[in-house]
Amino acid sequence: MNLNMKVFSFGAVFVFFCAICHADVDFPSYEDLTSFDVRLLSPKPLSNATNRLIELKSVVNRVHDVNFLKSLADSNGETLKSSAEDGSVLFSDKYNVSETCRDHWNRTFTALRANEYWALKLIDSSAKLESGILEGNTKWLGSYDECFNLEVPVKAVSLSAFETHFCFAHVPINLTDFHLKIDIGLCVPKACSSSDVTKLYNDLFAAVQRLRPTINPIRVSSVDCQEHSEIDTRAIAAISTFDLISHQWSYCTGIPKTGPTQSIEIAHFEGDPQLVNEMTNVSKRKKSTLEKLLLSFSAYTNGKKLLAVNHSPGTLTALNGIRFLSISWVVLGHTYSSVFNKMNNSYAISLSKRWTFQTVLNAQVSVDSFFALSGLLLSYLTLKEMKRGKGKFRINWLMFYFHRFWRLTPVYMIVLMVTVCLGRYLGDGPVWPKDGFEKNCKDTWWRNLLYINNLFEGDEFGTFWTTLIDSKNRRICDCVLSRFRCFGVAWYLANDMQFFILSPLMLLPLYLSYKIVLYLHLTLVNPDSFHHFSHSHYSIGIGVCFMWLLGSAITPGVVSNVLDLPPSSFGGGGSQQGRADYFNNYYIRPYCRIGPYIVGIIVGSFLYRTDCKAKINKLLNVLLWLMFVVLAIVVLYGLRTPIAYPEEALNRGVSAFYNATHKIVWGACICWVIFACATGNGGFINTLLSWSPFVPLARLSYCIYLIHPIVMFVYIGSQRSHYNMDDIHTIYLFLGHLVMSTAMAFVVSVAFEAPMMGLEKILLRRQQRR
């Protein structure tokens with residue numbers, strides 16, 4: 001591609017992204033990590049909502065105001081007992097709190113009355129409610145690091161060492177027809193348990209409200225305190241595993257590489273974010289089996305192969321661009337979803353007014369792109385492999401399945417081990433989850449290993465609510481956030497593996513129909529008329545595939561109609577219960593997601609049959625491009641009106657029809673792009689998607705998919721304060737997540753993915769594909 005074309009291509013991408021960020025039209029907001037559902041409601045002013053929020057802000061800020069606390073302590077000093085020689089304020093004497101907590105709490109107030117610096121810092125590090133409460137700011141974090149940087153003089157504590165920990169007090173607020181939960185960061189003595197802190201802060205809240213009565217009582221419902229995790233057995237085992245592998249890398253990377261040329265191939269049977277088949281010269285002399293085994297762990301050798309931009313003849317090069325752009329789209333969607341309920345301002349509401357934000361809101365179809373790519377590449381390569389057998393079964397079906405399992409599982413389990421065993425130690429902060437990112441993998445990890453995790457419900461799912469209100473205190477939507485607990489993004493891997501297991505039921509009819517018709521016609525009918533039948537045999541296999549495709553459309557349509565599901569996880573129709581069921585009963589289910597995969601298998605067979613040579617009339621080619629572009633636009637933007645305007649929501653039948661067809665239509669659009677580019681009808685689109693730097697980036701797409709949630713969780717969980725989001729911040733956040741995920745994916749691929757593929761080739765002596 002020449003320089004002008006490159007500049008034009010990247011300029012177009014930049015302009016498109018800016019259009020998403022700056023267009024200003026009416027529209028609702030975005031999804032969570034893995035999925036959430038938005039219930040749109042008619043905006044209604046909330047009676048007394050503003051007063052209740054302002055009352056809350058006043059009470060909390062008074063409780064954490066140093067001068068108020070000192071005056072409160074002074075006013076009660078004569079009637080309160082002392083537990084130390086210098087006197088202290090014993091609010092805690094009223095409650096059944098631990099003796100150490102009572103001592104440390106009272107001494108904090110004693111030091112506060114004496115203006116001791118450490119006590120002032122302790123109060124200062126607790127949260128004060130700032131601006132934005134009327135725009136949906138419901139979480140105040142305080143100063144996490146300041147809370148742990150107190151230097152308490154030894155003489156200030158007589159009974160035990162004084163330490164602090166960071167807690168969140170949860171304060172429920174009833175805003176007429178819905179409820180908010182306000183989270184307030186607290187720095188308190190470590191000797192005080194969550195129950196102790198709840199009682200003590202309710203006493204302080206009551207003291208404030210006695211002096212300044214509020215219309216509605218404000219109380220703390222519960223308190224959660226941060227706990228620093230100790231290194232456990234799982235973490236030690238994981239660290240030991242990585243230590244062993246790192247020694248292997250350092251040793252194997254130093255093995256000399258000289259001798260006569262030998263070609264070693266890493267063969268990848270299919271796409272889905274996976275590598276394209278490559279033939280790479282990796283050695284200069286014939287090596288022993290032991291040396292090959294060691295070299296499979298060589299970071300230098302694996303990195304060199306991974307970064308190579310060359311590809312073998314016959315490779316579908318357009319897949320590289322589609323694969324990387326699709327995984328970037330996934331990262332973009334998750335960038336927004338990961339900060340959706342962490343924002344400190346009304347940015348989410350401003351997004352709801354942009355019709356162009358549909359391209360981000362509908363980022364869920366990027367996964368359907370991968371399903372289509374996976375089915376297409378599997379069909380194309382498998383049929384070619386069968387053809388090489390000259391009528392015999394060249395495919396070893398046991399190895400067919402083993403290779404797929406081995407291709408995905410080792411690196412998948414390594415990443416899962418990191419999140420489960422080491423996730424809790426990767427960072428800290430006021431919102432850092434004390435149990436790590438994966439809360440339910442201890443008992444359910446085996447479902448991930450067997451690729452059946454998308455078939456279970458119950459304990460693996462957690463559902464919670466968040467509410468958006470606008471600057472006029474009007475509730476514009478309730479968002480049902482649903483998380484697939486054990487490695488949330490793994491629902492896709494389970495679906496893809498299940499589709500792969502079923503694929504021979506479509507691939508064999510596509511290939512064998514020709515053989516059956518050939519045998520029957522040559523033996524039972526007139527051999528001279530075989531030419532006619534040789535062109536019609538293909539319809540048998542295609543007919544079988546279309547029966548599968550019909551079933552893949554009918555099933556989600558029926559499920560949607562029975563459960564009254566919305567057409568999107570953001571509403572647009574459906575019942576309240578249907579919106580709650582959307583993710584669990586539709587989004588992750590294989591029988592609702594297989595459509596694009598089947599489309600890929602059919603189009604892959606077209607490419608195999610035509611040998612990637614199909615001459616299409618220029619006018620017809622333009623019309624086909626226009627048709628598929630229009631269909632893609634309909635999928636992306638077709639739900640704008642029913643989602644933006646609840647009164648125009650789709651009825652049950654139309655919603656069911658959309659759920660039955662839109663994923664299949666999107667898969668067809670993606671497959672047309674590949675077919676057109678592979679057969680020479682793609683024009684500049686093929687040039688763009690076949691850009692050489694996309695080759696190594698596409699190889700990393702599978703590891704990017706596995707790694708990017710960890711990168712996002714570490715970043716979000718390590719934040720010391722909530723942040724005000726805007727377009728520029730979000731762009732930087734997306735690019736940062738994408739670059740960091742790509743860099744980490746390179747390390748993981750070199751260290752784990754490539755070595756496992758090398759071991760498979762050496763130990764099982766897999767034949768090279770030439």
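Everything numeric here is computed off the predicted structure, so don't read it as measured data.

> Would you take a moment to explain the overall build of the chain for this structure?
Helix and strand counts for the chain come out as 30 helices and nine strands. Among the 770 residues that make up the chain, the fraction classed as buried is 56%. Excluding contacts between residues fewer than 6 apart, the proportion of contacts in the chain whose partners are at least 24 apart in sequence is 80%.

> Where do I start with the packing of helix 11 (residues 318–339) against helix 29 (residues 701–717) in this structure?
Helices that pack against each other are described as a pair by the angle of their axes relative to one another and the distance between those axes. Two numbers describe how helix 11 lies on helix 29: the axes approach to 10 Å, and their chain directions differ by 20°. Between helix 11 and helix 29, the angle falls in the class roughly parallel. For the element pair helix 11 and helix 29, the recorded crossing hand is right-handed. Packed against helix 11, whose contacting residues are Arg323, Phe324, Ile327, Val330, Val331, His334, Thr335, Ser338 and Val339, the element helix 29 presents Ser701, Ile704, Tyr705, His708, Met712 and Ile716 at the interface. A breakdown of the residues in the contact of helix 11 with helix 29 according to their chemical character gives nine nonpolar, five polar and one charged.

> Please clarify how the state of the cysteines should be interpreted in this entry.
Disulfide: a covalent bond connecting the sulfur atoms of a pair of cysteines. The final tally for this structure, using the stated rule, is four disulfides. Bridging cysteine 101 to cysteine 192, the disulfide has an S-S length of 2.0 Å. Across the S-S bond of cysteine 101 and cysteine 192 the torsion is about 95°, and the bridge reads as right-handed. Taken together, the positions of cysteine 101 in helix 4 (residues 99–113) and cysteine 192 in the loop between strand 4 (178–189) and helix 7 (194–211) put the pair 91 residues apart, joining distant regions of the chain. The burial state of cysteine 101 is the same as that of cysteine 192; both residues are buried. Across a sulfur-sulfur distance of 2.1 Å, cysteine 147 and cysteine 187 are joined as a disulfide pair. Measuring the twist about the S-S bond at about 85°, one finds the cysteine 147-cysteine 187 disulfide to be right-handed.

> Please clarify how the environment of valine 603 should be interpreted in this entry.
Tracing the sequence through the fold places valine 603 in helix 23 (residues 595–610). If we ignore the near neighbours within four places in the chain, the residues touching valine 603 are Leu376, Cys671 and Phe675.

> Is there a simple way to think about unusual backbone geometry in this case?
Glycine aside, residues mostly have negative phi, and peptide bonds are mostly found in the trans state. Located in the positive-phi region is aspartate 564, a residue other than glycine, with phi close to 55°. Note that aspartate 564 resides in the loop between helix 20 (538–563) and helix 21 (576–587).

> Honestly, the side chain of serine 374 in this entry has me stumped. Any pointers?
Mapped onto the elements of the fold, serine 374 is located in helix 14 (residues 365–388). A distance of 3.2 Å separates a polar atom in the side chain of serine 374 from a polar atom in the side chain of aspartate 496.

> Looking at this model, I keep getting lost on the confidence of the model for the chain. Mind explaining?
Regions with low pLDDT carry predicted coordinates that are not meant to be interpreted in detail. Averaged over every residue, the pLDDT of the chain is 78; the share at 70 or more is 74%. Ignoring residues within four places in sequence, the model shows residues 257–284, a span with pLDDT below 50, making 115 contacts including any to other chains. Note that pLDDT drops below 50 for residues 525–535; the model gives that stretch 13 contacts with residues more than four away or on any other chain.

> Is there a simple way to explain helix 17 (residues 490–502) in this structure?
One full turn of an α-helix is made of 3.6 residues, so residues set three or four places apart face in the same direction. The terminal C-alpha atoms of helix 17, which comprises 13 residues, lie 19 Å apart, in line with the 18 Å expected from a rise of 1.5 Å per residue. The buried count for helix 17 comes to eleven of 13 residues, which makes it a mostly enclosed element. Three or more residues of helix 17 are buried, namely Ala490, Trp491, Tyr492, Leu493, Ala494, Asn495, Asp496, Met497, Gln498, Phe499 and Phe500.

> Looking at this model, I keep getting lost on the pattern of salt bridges. Mind explaining?
Pairing is possible between side chains of opposite charge, provided their charged atoms come close. Taken as a whole and assessed by the stated rule, the structure comprises nine salt bridges. Across the pair aspartate 103 and arginine 107 runs a salt bridge whose closest N-O atoms are separated by 3.1 Å. You can see aspartate 103 and its partner arginine 107 sitting in helix 4, four residues apart, about one turn around the helix. Pair check on accessibility: aspartate 103 and arginine 107 agree, each one buried. Arginine 354 is the salt-bridge partner of aspartate 727, the closest N and O atoms lying 3.1 Å from each other. Residue aspartate 727 is found in helix 30 (residues 727–764), and its partner arginine 354 is found in the loop between helix 12 (347–351) and helix 13 (358–361); the two are separated by 373 residues along the sequence. Residue classification places aspartate 727 among the buried residues on the basis of a relative accessible area of 10%. With relative accessibility at 10%, the residue arginine 354 sits in the buried group. Sharing partners across several salt bridges, the network here consists of Asp145, Asp428 and Arg720.

> Can you walk me through the packing of aromatic side chains in this structure?
The geometry of an aromatic ring pair is captured by the separation of the ring centres together with the interplanar angle, meaning the angle of the planes. Under the counting rule described, the total for this entry stands at 34 aromatic pairs. Aromatic side chains tyrosine 401 and phenylalanine 500 sit 6.0 Å apart centroid to centroid with 85° between the ring planes, which places their arrangement in the edge-to-face category. You can see tyrosine 401 sitting in helix 15 (residues 397–422) and its partner phenylalanine 500 sitting in helix 17, a full 99 residues away along the chain. By relative accessible area, which is 30% here, tyrosine 401 ends up partly exposed. The ring of phenylalanine 500 has arginine 404 lying over it, and the distance from NZ or CZ to the ring centre is 5.2 Å.

> Got a minute to help me understand a nonpolar patch on the surface in this structure?
There is a patch of nonpolar side chains on the surface, built from Met547, Leu550, Ile554, Val558 and Val562 and spanning about 500 Å² of accessible area. Its location among the elements puts leucine 550 in helix 20.

> What should I look at first to understand the environment of serine 298 in this one?
If you trace the backbone, serine 298 turns up in the loop between helix 9 (289–295) and helix 10 (299–307). On the basis of relative accessible area, serine 298 is assigned to the buried category, the value being 0%. For the pair serine 298 and alanine 751, spaced 453 residues apart in sequence, the C-alpha separation works out to 8.2 Å. A polar contact is formed between the side chain of serine 298 and the backbone nitrogen of threonine 301, at a distance of 3.2 Å.

> Sorry if this is basic, but what is going on with the environment of asparagine 585 here?
Here asparagine 585 shows up in helix 21. C-alpha of asparagine 585 to C-alpha of glutamate 457: the two residues are 128 residues apart in sequence and 9.1 Å apart in space. Residues in contact with asparagine 585, not counting those within four places in the same chain, are Glu457, Val559, Leu563, Tyr591 and Cys592.

> Would you mind showing me how to read the packing of helix 15 against helix 30 here?
Running from N to C, helix 15 and helix 30 cross one another at 150°; their axes reach a closest spacing of 10 Å. Here helix 15 lies roughly antiparallel to helix 30, going by the angle between them. Both helix 15 and helix 30 take part in a crossing whose hand is right-handed. Within the contact between the two elements, helix 15 uses Met399, Phe402, His403, Trp406, Arg407, Pro410, Val411, Ile414 and Val415 and helix 30 uses Val748, Phe752, Glu753, Met756, Met757, Glu760 and Leu764. Its residues assigned to classes, the contact of helix 15 with helix 30 shows twelve nonpolar, one polar and three charged.

Conventions used here
Residues numbered from 1 in each chain as written. Predicted model: local features only at pLDDT ≥ 70, side-chain atom pairs only at ≥ 80, totals over all residues. Heavy atoms only, no water. Helix = DSSP H or I, 4+ residues; strand = E, 2+ residues; numbered from the N terminus. Buried < 20%, exposed > 50% of the residue type's maximum accessible area, 1.4 Å probe, protein only. Contact = heavy atoms within 4.5 Å. Axes fitted to C-alpha atoms, helices over the stretch in contact; angles between N-to-C directions. Parallel < 35°, antiparallel > 145°, perpendicular 65-115°, else oblique. Left-handed = near helix turned anticlockwise from the far one by under 90°. Nonpolar A, V, L, I, M, F, W, Y, C, P; charged D, E, K, R; others polar. Disulfide = S-S within 2.5 Å. Polar contact = N/O pair within 3.5 Å; in protein donor to acceptor, adjacent residues only side chain to side chain. pLDDT = per-residue confidence, 0-100. Expected span 1.5 Å × (residues − 1). Salt bridge = Lys/Arg side-chain N within 4 Å of Asp/Glu carboxyl O. Phe/Tyr/Trp six-rings, centres within 6.5 Å; stacked < 30°, edge-to-face > 60°. Lys NZ or Arg CZ within 6 Å of the ring centre and 35° of its normal. Patch = residues over 30% accessible without salt bridge, like charges linked within 9 Å, V, L, I, M, F, W, Y side chains within 5 Å. Areas by Shrake-Rupley, 256 points an atom, 1.4 Å probe, with all protein chains shown as cover.

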